[in-house]
Amino acid sequence: MEQSKGNIHDDLKSGKLHNLYLLFGQENFLVRHYSKAIEKAIPGAQKDSYDASTPAHEIIMAAETLPFFMGESEKRVIYVNDSKLFTSGRKADSEAMAAFLPNIPPDTILVFVEADVDRRSKLYKTAVKHGRAVDCEPPSPPMLTKWIIRSGKENGKTISPATASHLVRTTGTDMNVIHNEIKKLAALAGSENEITTKHIAIISATTLESRIFELTKAVGAGNTPQALKMYRNMLALKESPIMILTMIIRQYRNILLAKCAHEKGLQRHQIAAKLNLRDFIITEALEQSRRFTKEKLLATLNKALKTDTQIKTGLIAPEIGVELLIIQG
């Protein structure tokens, strides 16, 4: 049962599933998505679930036992959730499972769903060799944008790449949150064919990061009253002024670094890779950089850092310190 070429998408599309899947990573939405997709691909199969409290020999015995009721697929799907077998602590059980994986019966599909794995472990290497290991880490910004566009189509709506990027900037990168937002946005759009930023502004909760983008944009445009209004709204939402200041400092630093890199001839994707930041953050930083000279950015960043020091040494109250920084521009 050596692992074939391709990926889980190919397996699900063809209906030719492996007898072993290891789903792991921090993006819970993807883990749940693939787990449900495997089950959906085998209608009528008997399903069993186990967890870390189940000894390995019991899981192995269940996998070797024929299903009680042979459904239309004549398959049994066994889910093992957060078994801890792929990390240290269950050595004997891990070794027993590693010995069993090459011999999974053809009528059994064994699915491990794990938050963490040790890629150096014997069990992980055995799973990779004899099945399909699926790394469910958060997707890159370009992949996330494509997924949003595809999700829009699944909900009967068109979403442009620019709107998809705006949605990420507004709601964050949690796929479960975005998935739920797209459903709400599709319902709001009603008979309209396209989801736009207008719909996002009406319905989607805005992240602190997005509000900081807008605040620094207002400062750069010289619109101090609007910037102060945004700041006071954040305080009304119980945001910490120290956290707001920290993110203002980070935003000005990103704008300055992006501006310097762009002036040296680097393209947006090159800047994103160099600074280890998402593409849409660099896009926003470059757009805002046009409103500032390098001298102005340096002066503003130094003021922000000085404000941070004054707050931390007790020379000024946090709320007042950040407000004065915004007024000074």
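It should be emphasised that the depicted structure is a prediction, and the values quoted were computed from it without experimental measurement.

Colleague: Even after reading the chapter, I still don't get helix α8 (residues 175-189), so can you show me in this structure?
Modeller: Counting along an α-helix, one turn takes 3.6 residues, and residues three or four places apart therefore face a common direction. An ideal rise of 1.5 Å per residue puts 21 Å on 15 residues; α8 measures up with 21 Å between its terminal C-alpha atoms. Lining the buried residues of α8 we find α2 (28-40), α6 (141-154), α7 (161-171) and α9 (197-203). Where α8 starts, the residue carrying a side-chain oxygen 2.9 Å from the main-chain nitrogen of Asn176 turns out to be Asp174. Just downstream of α8, Gly190 is the residue with a positive phi angle, here 60°.

Colleague: Please clarify how the sheet that holds strand β3 (residues 76-81) should be interpreted in this entry.
Modeller: Hydrogen bonds between backbone atoms are what pair the strands of a sheet, whose relative direction is either parallel or antiparallel. Taking strand neighbours across the sheet as the criterion, the 5 strands line up as β2-β3-β4-β1-β5 in an open arrangement whose pairing is parallel. Of all strands in the sheet, those bounded by a partner on one side alone are β2 (46-51) and β5 (132-135). On average, each strand axis in the sheet is tilted by 15° relative to the strand beside it, whichever way the strands run. Helix-sheet contacts for α2 involve β1 (20-24), β2, β3, β4 (108-114) and β5, and the interaxial angle to β1 is about 160°.

Colleague: Explain unusual backbone geometry here, please?
Modeller: Peptide bonds are mostly trans, and most non-glycine residues show a negative phi. The phi torsion at Asp82 lies on the positive side, around 50°, for a residue other than glycine. Structurally, Asp82 is set in the loop between β3 and α4 (91-100). Of note, the phi angle at Lys84 is positive, near 70°, even though the residue is not glycine. Mapped onto the elements, Lys84 comes out in the loop between β3 and α4.

Colleague: I would appreciate a short explanation of the pairing of β3 in the present structure.
Modeller: On a regular strand, each side chain points to the face opposite its neighbour's, so the side chains alternate between the two faces of the sheet. Burial within β3 is extensive, with 5 of its 6 residues counted as buried. Alignment of β2 against β3, held across 6 bridges, turns out to be parallel. When the bridges of β3 are listed, Ser49 appears paired with Tyr79. With respect to chirality, the unit in which β3 leads through α4 into the neighbouring parallel β4 is right-handed.

Colleague: Looking at this structure, I do not really get the pattern of salt bridges. What am I missing?
Modeller: Oppositely charged side chains may form a pair once their charged atoms are brought near each other. A complete count under the given rule lists 15 salt bridges for this structure. When the shortest N-O distance is used, the salt bridge between Asp48 and Arg76 registers 3.0 Å. Residue Asp48 is located in strand β2, and its partner Arg76 is located in strand β3; the two are separated by 28 residues in the primary sequence. In terms of burial, Asp48 and Arg76 fall into one category: buried. Glu239 is the salt-bridge partner of Arg211, the closest N and O atoms lying 2.7 Å from each other. A residue pair is termed long-range when its members are at least 10 positions apart, and Arg211 in helix α10 (residues 208-220) and Glu239 in the loop between α11 (224-236) and α12 (241-263) qualify at 28 residues. On the accessibility criterion, Glu239 (22% relative accessible area) is partly exposed. Through salt bridges that share partners, Glu214, Lys217 and Glu287 make up one connected network.

Colleague: Looking at this structure, how should I read the packing of aromatic side chains?
Modeller: Where two aromatic rings form a pair, the distance of their centres and the angle of their planes describe that pair. Enumeration according to the criterion identifies 4 aromatic pairs in this entry. Considering the side-chain rings of Phe24 and Tyr124, the 5.9 Å spacing of their centres and the 85° angle between planes classify their relative orientation as edge-to-face. Here the residue Phe24 occupies a position in strand β1, and Tyr124 occupies one in helix α5 (residues 122-130), the gap between them amounting to 100 residues. As far as the burial class goes, Phe24 and Tyr124 line up, both buried. With a centroid separation of 5.2 Å and an interplanar angle of 75°, the aromatic rings of Phe86 and Phe112 are classed as edge-to-face. Of this pair, Phe86 sits in the loop between β3 and α4 while Phe112 is found in strand β4, placing the two residues 26 residues apart along the sequence. Judged by its relative accessible area of 1%, Phe86 falls in the buried class.

Thresholds applied
Residues numbered from 1 in each chain as written. Predicted model: local features only at pLDDT ≥ 70, side-chain atom pairs only at ≥ 80, totals over all residues. Heavy atoms only, no water. Helix = DSSP H or I, 4+ residues; strand = E, 2+ residues; numbered from the N terminus. Expected span 1.5 Å × (residues − 1). Contact = heavy atoms within 4.5 Å. Polar contact = N/O pair within 3.5 Å; in protein donor to acceptor, adjacent residues only side chain to side chain. Pairing = 2+ DSSP bridges. Axes fitted to C-alpha atoms, helices over the stretch in contact; angles between N-to-C directions. Buried < 20%, exposed > 50% of the residue type's maximum accessible area, 1.4 Å probe, protein only. Right-handed = clockwise from strand over helix to strand, strands pointing away. Salt bridge = Lys/Arg side-chain N within 4 Å of Asp/Glu carboxyl O. Phe/Tyr/Trp six-rings, centres within 6.5 Å; stacked < 30°, edge-to-face > 60°.

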